[in-house]
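Listed below are the residues making up each chain.
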Amino acid sequence: MQPVDIIRRKRDGQALDAAAIDAFVRGATDASWSDAQLAALLMAVLLRGMTAEETRLLTAAMTHSGTVLRVANPPGPVLDKHSTGGVGDKVSLVLAPVVAACGGCVPMMSGRGLGHTGGTIDKLEAVPGLRTTLAPAEIDRVLRAAGCCIASASGQLAPADGRLYALRDMTATIDSVPLITSSILSKKLAEGLDGLVLDVKTGRGAFMQTEAEARELAEALVDIGRRQGLAVEALLTAMDVPLGRAVGNGLELREAIDVLAGGGPADVRELTTVLAARLLCLGRLAADESGARQLVQRALDSGTALERFRAMIAAQGGDPHVTDDPARLPRAPRVARVVASVDGFVCDIDARAIGGAAVQLGAGRTRQTDDVDPAAGVTLLAQVGDRVTAGEPIAELHGRSEASLQRARDVVAAAFRFARHPPPAAALVRGCITPTSSAS
Ligand code: URA
C-alpha cells in the first residue's frame, strides 16, 4: 500500500491495520516517507483518532524502530518513571537513586526542557563534567556502578519518535492522545522495562490543563502499556503551583541533593515517596504500599540513595563532590529579590508564570536548539500557606543581565496571590489509574 492510500484511509475515518502502521513508522525511520506525507497522516490521526488496537500497534512499531535495551544481568527488576512535565519537578533526580538503593535497576532515558517546563537532562547537566549522551554499553557500565543511570533519549532508542515529534511540534499535532501515548511509551518500552510508573500532571503548569484531559491520557498510557506486557500505573498529580522551592536547572539539582540527604521541601519528598513506592510494588520489591514507603524513607534518611546518586554522577564523568559541597555547582552572577506587596498568607503561586520567568532568566528554551544557563532560575522563599509581611522577600531571581532580572521580577511578583486567611490544603495526588481501573 502506498503512503497516499494509508493517508486517505485515515483521512476517511477508517482504522489502519498492522501493515499500514508498520509502513508509516518505517517511512519515518528510513526517510522513505516525505515530511508532507508524515505530517498529513499525523493530522489525520489527530482529527480522526485511533482505536486502542491501532495505538498499541503504533506503539509497538515505534518501540522497535531502533534498539531495545537489554540490561546485562540487572541487579533487580528494571524500573522507570515518566512525568508529563511540570515546573520545579526534580523528582526523577531523586527517584532514580532511591529505587536503585531499594534493589531496582533504573535505566532512565529523559528529555530536555521545552517551554515553561524543565527537563531532567538539563538539570543533571548542571553537574560539571557530567555526560548524558551515552551508548548502550556505557549505560550498562553506569548501571553496574550505581544501579541507576540518567541519559538523554538517544537516536538509537525509538528513532521514529524523534522525527515524528519534531514534525508534530511544527504542525500543531502534539495534542492527540494516541500520538502522545505512542511517543511516551515507545521510548520507555525501548528501555526493556519490567515496570513503569507515570506521573501525569494536571493544572495550569501542566501539559494537560484539565483533570479530564489528564485522566484520558493516563488511562490510555496504562491501557496500552498493559497491552504491551508492562506492569504499569499512573498517578494524576497537581501542577498548579511549582513543586518545591527551586525552579531552574542547577537550583533544582541542589534541592534534589537536599532531599537525597534526608531534607528538602515536604512536597518534593512526598511526591517522590508516593511514586517510588508504587514502583517498588510494581517491581515486587515491596509487598504493599506501606512497606514500600518505609523502604523509600530509609533510603533517603540513611544516605544510601545519596550514595547511589554520587556513584551515578562519578560513572557519568561528573564531579561527585557536588553532593557534599553544592557550592561547586554553577552560580549566577546576579541575584535579585522580590518582596511581598502586602501582609497576609500566600494563597497561590502561578506555576506557569514562574516557569516562564525562569525561561526569561535563561533556565529554559523556547526552541529545541537553544542553550540553557545552568545557574539561572527562581527560588521561592515563601510557599503557599506561609504568612508574610509587606516588604519581606518572597523569591530570589538568579540571572546574568539586569534587564532579564527586571522582566522576571515583574512576572514573579504578579504570580503570587495573598489572602487574609491561610488557604485550605490542596491534595498533591488526585487519582491513581491501574490496569484494572483503565481496562476497557
Ligand atoms: N512527551 C513525549 O515524549 N511525547 C509527546 O508526544 C508529548 C510529551
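Within each chain, residues carry numbers counting from 1 in the order of the written sequence. In keeping with the model being predicted, local features are shown solely for residues with a pLDDT of at least 70 and side-chain atom pairs are shown and tallied solely at 80 or more, while totals for entire chains, interfaces and linings include all residues. Neither water nor hydrogens contribute to the side-chain values; these are computed over all heavy atoms in the structure.

Asker: Describe the overall build of the protein, and please don't skip the residues or the numbers.
Answerer: Each helix and strand in the protein was counted, giving 17 helices and 13 strands. Every radius of gyration here is taken over C-alpha atoms, with the globule rule written as 2.2 Å times N^0.38, N being the number of residues. Whereas a compact globule of 440 residues would reach a radius of gyration of roughly 22 Å, the protein reaches 22 Å, a difference of no more than 12%. In terms of overall dimensions, the protein has C-alpha extents of about 70 × 45 × 40 Å along its principal axes. Every one of the 440 residues in the protein was classed for burial, and the buried ones make up 55%. Put simply, DSSP H or I for four residues or longer makes a helix, DSSP E for two residues or longer makes a strand, and each gets a number counted from the N terminus. Working definition: with a 1.4 Å probe on protein chains only, accessible area under 20% of the residue-type maximum means buried, over 50% means exposed, and in between means partly exposed.

Asker: Explain the sheet that holds strand E6 (residues 246–247) residue by residue, including any values.
Answerer: Two strands qualify as a pair provided DSSP detects at least 2 bridges between them. One open sheet accounts for 4 strands, arranged E6-E9-E11-E7; its pairing is antiparallel. Because the sheet does not close on itself, it has two edges, and the strands there are E6 and strand E7 (334–339). Only heavy atoms enter the contact rule, under which two residues are in contact if any of them lie within 4.5 Å. Axes, fitted as lines to C-alpha atoms, cover a helix only where it is in contact. Angles between the N-to-C directions of the axes lie from 0 to 180 degrees. Against the sheet, helix H16 (residues 402–415) makes contact with E7, strand E9 (377–380) and strand E11 (393–399), and its axis sits at roughly 25 degrees relative to E7, the strand it touches most.

Asker: Residue-level account of the site of the ligand, with values.
Answerer: When we say a residue is near a molecule or strand, we mean one of its heavy atoms is within 4 Å of it. For the ligand, the full set of nearby residues is Tyr165, Arg168, Ile180, Ser183, Ile184, Lys187 and Phe207. At 2.9 Å, a side-chain N or O of Arg168 approaches an oxygen atom of the ligand. Methods summary: accessible areas were calculated by the Shrake-Rupley approach with a probe of 1.4 Å, and residue burial reflects only the protein chains presented. About the coverage of the ligand: the protein hides 85% of its 240 Å² of free accessible area. Among the elements of the structure, helix H8 (159–170) and helix H9 (177–189) are those that each provide at least two residues to the shell around the ligand. Its residues assigned to classes, the shell around the ligand comprises 4 nonpolar, 1 polar and 2 charged. We call two N or O atoms a polar contact when they sit within 3.5 Å, provided that within protein one can donate a hydrogen and the other can accept it, with sequence-adjacent residues counted only if both atoms are side-chain atoms. Residue polarity is assigned by list, with Asp, Glu, Lys and Arg as charged and Ala, Val, Leu, Ile, Met, Phe, Trp, Tyr, Cys and Pro as nonpolar; anything else, Gly included, falls into the polar class.

Asker: Outline helix H1 (residues 3–11), listing residues and values.
Answerer: Those residues of H1 not exposed but buried are Pro3, Ile6, Ile7 and Lys10. Down the axis of H1, the buried side of the element spans an arc of 100 degrees, and every buried residue falls inside it. Those residues of H1 hidden inside the fold are in contact with helix H2 (18–29), helix H3 (35–48) and helix H4 (52–63). Note on H1: the residue one or two positions beyond its end, Gly13, has a positive phi of about 85 degrees. Working note: the arc is built from the helix axis to C-beta atom directions.

Asker: Any details on the packing of aromatic side chains? Residues and values, ideally.
Answerer: Two aromatic rings, drawn from Phe, Tyr or Trp (for Trp, its six-membered ring), form a pair once their centres lie within 6.5 Å of each other, and the interplanar angle then sorts them: stacked below 30 degrees, edge-to-face above 60, tilted otherwise. All chains considered together, the criterion is met by 2 aromatic pairs. Pairing Phe416 with Phe418 gives two aromatic rings, centres 6.2 Å apart and planes at 15 degrees, and the pair type is stacked. Its end group placed over the ring of Tyr165, Lys187 keeps NZ or CZ at 6.0 Å from the ring centre. Definition used: whenever NZ (Lys) or CZ (Arg) falls within 6 Å of the ring centre and also within 35 degrees of the ring normal, the charge is taken to sit over that ring.

Asker: Please set out the sheet that holds strand E5 (residues 231–238) residue by residue, giving values where relevant.
Answerer: Strand order in the open sheet formed by 4 strands is E1-E4-E5-E13, with mixed pairing between adjacent strands. Edge strands, defined here as strands with exactly one partner in the open sheet, are strand E1 (79–83) and strand E13 (429–433). Between one strand axis and the next, the sheet turns by 20 degrees as a mean value, whatever way the strands run. In this structure, E1 lies alongside strand E4 (residues 195–202), joined through 5 bridges in parallel fashion. The residue bridging His82 from the neighbouring strand is Leu198, located in E4.

Asker: Give me the packing of H1 against H3: which residues, what numbers.
Answerer: Viewed as axis vectors pointing N to C, H1 and H3 meet at an angle of 15 degrees, and their least axial separation amounts to 8 Å. Compared by their axis directions, H1 and H3 come out roughly parallel. The interaxial crossing formed by H1 with H3 has left-handed handedness. Taking contact as the criterion, the partners of Pro3, Ile6, Ile7, Lys10 and Arg11 in H1 are, on H3, Gln37, Ala40, Leu41, Ala44, Val45 and Arg48. Its residues placed into classes, the contact of H1 with H3 shows 7 nonpolar, 1 polar and 3 charged. If an angle is under 35 degrees, it is roughly parallel; if it is over 145, roughly antiparallel; if it lies from 65 to 115, roughly perpendicular; otherwise it is oblique. The sense of a crossing depends on the near helix, which, turned anticlockwise from the far helix by less than a right angle, makes the crossing left-handed and, turned clockwise, makes it right-handed.

Asker: Which residues make up the packing of helix H5 (residues 91–101) against helix H12 (residues 266–282), and what are the values?
Answerer: Here H5 crosses H12 at 45 degrees, and the two axes come no closer than 10 Å. If you check the angle between H5 and H12, you find them oblique. For the pair H5 and H12, the sense of crossing is right-handed. Residues Val91, Val94, Leu95, Val98 and Val99 of H5 touch H12, and the partners they reach there are Val268, Leu271, Thr272, Leu275, Ala276, Leu279 and Leu280. Grouping the constituent residues of the contact of H5 with H12 by class yields 11 nonpolar, 1 polar and no charged.

Asker: Explain the pairing of strand E8 (residues 344–349) to me, and be specific about the residues and the numbers.
Answerer: Alignment of E8 against strand E10 (residues 387–388), held across 2 bridges, turns out to be antiparallel. Bridge pairing in E10 places Phe345 opposite Arg387. Here E8 runs beside strand E12 (residues 416–419); their pairing, made up of 4 bridges, is antiparallel. Residue pairing for E12: Phe345 is matched across the bridge by Ala419.

So far we have only geometry, and geometry alone does not tell us how the molecule works.
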